[in-house]
Amino acid sequence: MNILISGASIGGPALAFWLRKYGFDVTIVELSQGLRPGGQAIDVRGPALDVAERMGLLADIRTARVDMRGMSMVDADGNEIYRSEERTFTGGDLSSPDIEILRDDLSQIMAAAAQGVDYLFGDSIREIVQDAEGAHVTFESGLRRTFDIVVGADGLHSNTRRLVFGPESDFSRHLGTYLAVWTAPNTLGLDRWQVFHQVPGGNWGGGVMSVRGNSEARVYMGFESEPLDYDYRDVAAQKRLLQERLGGAGWVLPELLGHMWEAADFHLDSMSQIHMDSWSSGRVVLLGDAGYCGSPLSGQGTSMAMVGAYVLAGELAAAGGDHVAGFAAYERELREYVRRNQELAYTNKARVEAEQAGVEFDGEDFAEVAGGLTLKDY
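Parameters at a glance
- Residues numbered from 1 in each chain as written.
- Predicted model: local features only at pLDDT ≥ 70, side-chain atom pairs only at ≥ 80, totals over all residues.
- Heavy atoms only, no water.
- Axes fitted to C-alpha atoms, helices over the stretch in contact; angles between N-to-C directions.
- Helix = DSSP H or I, 4+ residues; strand = E, 2+ residues; numbered from the N terminus.
- Parallel < 35°, antiparallel > 145°, perpendicular 65-115°, else oblique.
- Left-handed = near helix turned anticlockwise from the far one by under 90°.
- Contact = heavy atoms within 4.5 Å.
- Nonpolar A, V, L, I, M, F, W, Y, C, P; charged D, E, K, R; others polar.
- 1 Å grid on protein atoms, 1.4 Å probe; cavity = no way out; pocket = protein on both sides within 12 Å on 5 of 7 lines; lining within 4 Å.
- Points joined across faces, edges and corners; volume = space filled by probe spheres on them.
- Buried < 20%, exposed > 50% of the residue type's maximum accessible area, 1.4 Å probe, protein only.
- Lys, Arg positive; Asp, Glu negative; His and termini not counted.
- Salt bridge = Lys/Arg side-chain N within 4 Å of Asp/Glu carboxyl O.
- Polar contact = N/O pair within 3.5 Å; in protein donor to acceptor, adjacent residues only side chain to side chain.

J.: Account for the packing of helix α1 (residues 11–21) against helix α9 (residues 301–318), with residues named and values stated.
T.: At a closest axis distance of 8 Å, the pairing of α1 and α9 adopts a crossing angle of 30 degrees. Between α1 and α9, the angle is such that the two are roughly parallel. By crossing handedness, the relation of α1 to α9 is classed as right-handed. Here G11, A14, L15, W18 and L19 of α1 lie close against α9, whose contacting residues are A305, A309, Y310, L312, A313 and L316. When the residues that make up the contact of α1 with α9 are grouped by side-chain class, the tally is 10 nonpolar, one polar and no charged.

Here it is in structure tokens:
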């Protein structure tokens, strides 16, 4: 069978690895000219660790991990008001088996593992027409090809989902927050450490963490807002937006914003989730954020994409390539796992609010939910 995957971040190459293992022919189309740089530190947890081990990549991922010693919270003058060597803001419990790794580092590892894949960089899908013979795809470049299956692994703003299922507004739930991330020099001299500042009584702030042997840093800045009307592909406009929102902040946030202007990997987006009654339509199926984005607030987007890739490929192989049976089994296997992990976005926020108020949190255990799926053998 010939399968097209739209998106070459993490879920797409992970799915390609498993599809190639089962003997499928795979093409990946990616709008960028190559694997995209940048992105936040992300987490591989629970069954996603099992997926990585079954791919033979667990050691490589551990080697590339973001190895934090701890974190601090500071006031507007840089005075430390809280510190922890037990957990971090970005990665959680440091004693857990979870692996925190930069998004682009994990993407590189996944892509290198997916051998025998045909890549179409600098292109995207313009149209998909389905019939009994296959999914007839027209690309923006003018190329036309027919595939047995098309997989949308193209993120929160999935082009595949828009073309086949309808506008993003039909499925997106805004969680009230925007987050920006970019690479900057490690001007604070942080040693495997991260520091964050939140405006007292405010709904915005930011921080920085050292990465890659302290040779550079990743900056995070965010603010709460109702949905904003802006072009998510207009990076210059996004940088101006963030400058307007946070330019007058305290601590070293203005200095960090100064590095934003030269950052080639700047990314800003809303904290949103995607909820759909079905992840497939005919020969087209969605994977990861395209079908069930949990948002960074859940801490589980990467793990859901990796697990989803393993299950989707496995169920297609088990069904002998029958996309109807394979897609149905994929949804049956993952629906409850996805539902509970998306709910973590709300649980995590309630946990932080409880900690800030000094009261005991009474809610689902994060580790239990994150690890709440046992992988099948395919």
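This is not the end of the story, as more comes after the structure.
J.: I'd like a rundown of the layout of surface pockets, residues and numbers included.
T.: Put simply, the second largest pocket is a space of about 270 Å³. Looking at the second largest pocket, it is lined by 14 residues, and the ones nearest its centre are H157, E168, Y178, L228 and S270. Counting residues per element, the ones that place at least two in the lining of the second largest pocket are β14 (172–184) and β18 (267–274). Within the lining of the second largest pocket, the residues separate by chemical class into six nonpolar, six polar and two charged.

J.: Go over the side chain of E30 with me, naming the residues and quoting the values.
T.: Mapped onto the elements, E30 comes out in strand β2 (residues 25–30). Put simply, E30 is tucked away with no salt bridge, and the nearest opposite charge, on R36, sits 4.2 Å away. Polar side-chain contacts of E30 include one of 2.9 Å to the backbone nitrogen of A8. One polar contact links the side chain of E30 to the main-chain amide nitrogen of S32, over a distance of 3.0 Å. Setting aside chain neighbours within four positions, we find E30 in contact with G7, A8, R36, L120, F121, G122 and D123.

None of the figures reported here should be taken as evidence of function without further support.
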